[in-house]
Amino acid sequence: MKTLSHRILVMGVSGSGKSHIGRQLAQTVGATFIDGDDYHSPANVAKMASGTPLNDDDRSEWLDTLAALFAEYRARDASLVIACSGLKRRYRDRLRQGDSALQILYLEGTQELLLERLETRAGHFFKGDTMLASQLADLEPPDEEEAFNASIALSPMQIVDQFAATLLLPSRTLG
């Protein structure tokens, strides 16, 4: 019996746990994991590292690249999880050009919790509360029809298990 393939976007602002949860989810569903941050241009990385938020033009080519990855995996009927902020509805619509059946896990949290997580994160180019505030200002949260919304106050395992259940997959067992 062939297993069902999935293309999944794990979205949220910086500090929400997209990469960590995306990796766990990919392992749970037997998918390849891609961190969307790895596909930013050197100019975008430098801009963010300097504390300057990206604008729509900065994100354009990046979103096209990620949409192409979704399309490639869809064409092969292979499962893929990409962690990407997906802040605006039009960004998510652009990603859906790669797979119209794209499934979305939205990680939501308070500004205080997000900032606390960012302050403890080492070695990442995303800097500061100014950039978090910019992302939160740009964020157009998806509704329940567009995405599965999960609170980052839950453990990563709880989030993965809850989302996996929506995919009709067995959740991971502990032990």
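All values derive from a computational prediction rather than experimental measurement.

A. Representation of the sheet that holds strand β2 (residues 32-35). The strand order β2-β3-β1-β4-β5 describes an open sheet built from 5 strands, whose pairing is parallel. Two strands bound the open sheet, and with one partner strand each, they are β2 and β5 (148-151). Recorded for the sheet is a direction-independent mean angle of 20° between the axes of neighbouring strands. Of the strand pairs in this sheet, β2 and strand β3 (residues 80-83) are connected by 4 bridges, and their pairing is parallel. Looking across to β3, one finds that Ile34 is bridged to Ile82. Its contacts with the sheet put helix α3 (residues 56-75) on β1 (7-11), β2 and β3, and the angle it makes with β3 is roughly 170°.

B. Molecular detail of helix α1 (residues 18-29). In this model, α1 (12 residues) spans 16 Å end to end at C-alpha, consistent with the 16 Å of a helix rising 1.5 Å per residue. Of all the positions in α1, only Lys18, Ile21, Gly22, Gln24, Leu25, Ala26, Thr28 and Val29 are classed as buried. Looking one or two residues beyond α1, the residue adopting positive phi is Gly30, at roughly 70°.

C. Just the packing of aromatic side chains, in detail. Here the structure, examined in full by the defined rule, presents 1 aromatic pair. Above the face of the Tyr73 ring, Arg76 is positioned so that its terminal group lies 4.3 Å from the ring centre.

D. Highlighting the environment of Glu144. Structurally, the position occupied by Glu144 is in the loop between α6 (128-138) and β5. Between the C-alpha atom of Glu144 and that of Tyr106, which follows or precedes it by 38 residues, the distance is 9.6 Å.

E. How the structure looks around the nonpolar core. Core analysis: the biggest nonpolar cluster contains 40 residues, and Leu25 and Leu105 have the highest contact counts within it. Of all the secondary structure elements, the ones that give two or more residues to this core are β1, α1, α3, β3, α4 (89-96), β4 (103-108), α5 (111-120) and α7 (156-166). When residues in this core are grouped by element, the largest group, 6 residues, is from α3. Apart from the residues lying within four places of it in its own chain, the contact partners of Leu25 are Ile8, Val10, Val81, Leu105, Val160 and Phe163.

F. Structural view of unusual backbone geometry. Notably, Asp77 is not glycine yet its phi reads approximately 55°, a positive angle. Assignment of secondary structure puts Asp77 in the loop between α3 and β3. For Asp77, a relative accessible area of 36% gives the class partly exposed.

G. Inspection of the pattern of salt bridges at higher detail. The full count for this structure, using the stated rule, is 12 salt bridges. Among the salt bridges present, the one from Asp56 reaches Arg90, with a minimum N-O distance of 2.5 Å. A residue pair is termed long-range when its members are at least 10 positions apart, and Asp56 in helix α3 and Arg90 in helix α4 qualify at 34 residues. In this structure, Arg96 and Glu146 form a salt bridge, with 3.0 Å as the shortest nitrogen-oxygen distance. Placement of Arg96 in helix α4 and of Glu146 in the loop between α6 and β5 is noted, with a sequence separation of 50 residues between them. Glu146 matches Arg96 in its accessibility class, with the two residues each being buried. Connected through shared salt-bridge partners, Arg89, Arg92, Asp93, Arg96 and Glu146 make up one network.

Rules used in this analysis
Starting from 1, residues in each chain are numbered consecutively following that chain's sequence as written. For this predicted model, a pLDDT threshold of at least 70 governs which residues receive local features, and a threshold of 80 or more governs which side-chain atom pairs are given and counted, while totals over whole chains, interfaces and linings are taken from all residues. For the side-chain quantities, the full set of heavy atoms in the structure was used; hydrogens and water were omitted. Only when DSSP finds a minimum of two bridges between them are two strands counted as paired. Elements are defined by DSSP. Helices are runs of H or I of four residues or more, strands are runs of E of two residues or more, and each kind is numbered from the N terminus. Convention adopted: a line fitted to C-alpha atoms gives each axis, helices being fitted over their contacting stretch, and angles between N-to-C directions are expressed from 0 to 180 degrees. Residues are treated as being in contact if the distance between any of their heavy atoms lies within 4.5 Å. An expected span of 1.5 Å times one less than the residue number is assigned to each helix. Only protein chains enter the area calculation, which uses a 1.4 Å probe; residues under 20% of their type maximum are buried, those over 50% are exposed, and those in between are partly exposed. Geometry of aromatic contacts follows a simple scheme: Phe, Tyr and Trp rings, the Trp one being its six-membered ring, pair when their centres are within 6.5 Å, and the pair is stacked under 30 degrees between planes, edge-to-face over 60, tilted otherwise. Both a distance and an angle decide whether a charge sits over a ring: NZ of Lys or CZ of Arg must be within 6 Å of the ring centre and within 35 degrees of the ring normal. In this text, buried Ala, Val, Leu, Ile, Met, Phe, Trp, Tyr and Cys residues form a nonpolar core when linked through side-chain atoms within 4.5 Å. Any Lys or Arg side-chain nitrogen located within 4 Å of an Asp or Glu carboxyl oxygen qualifies as a salt bridge.

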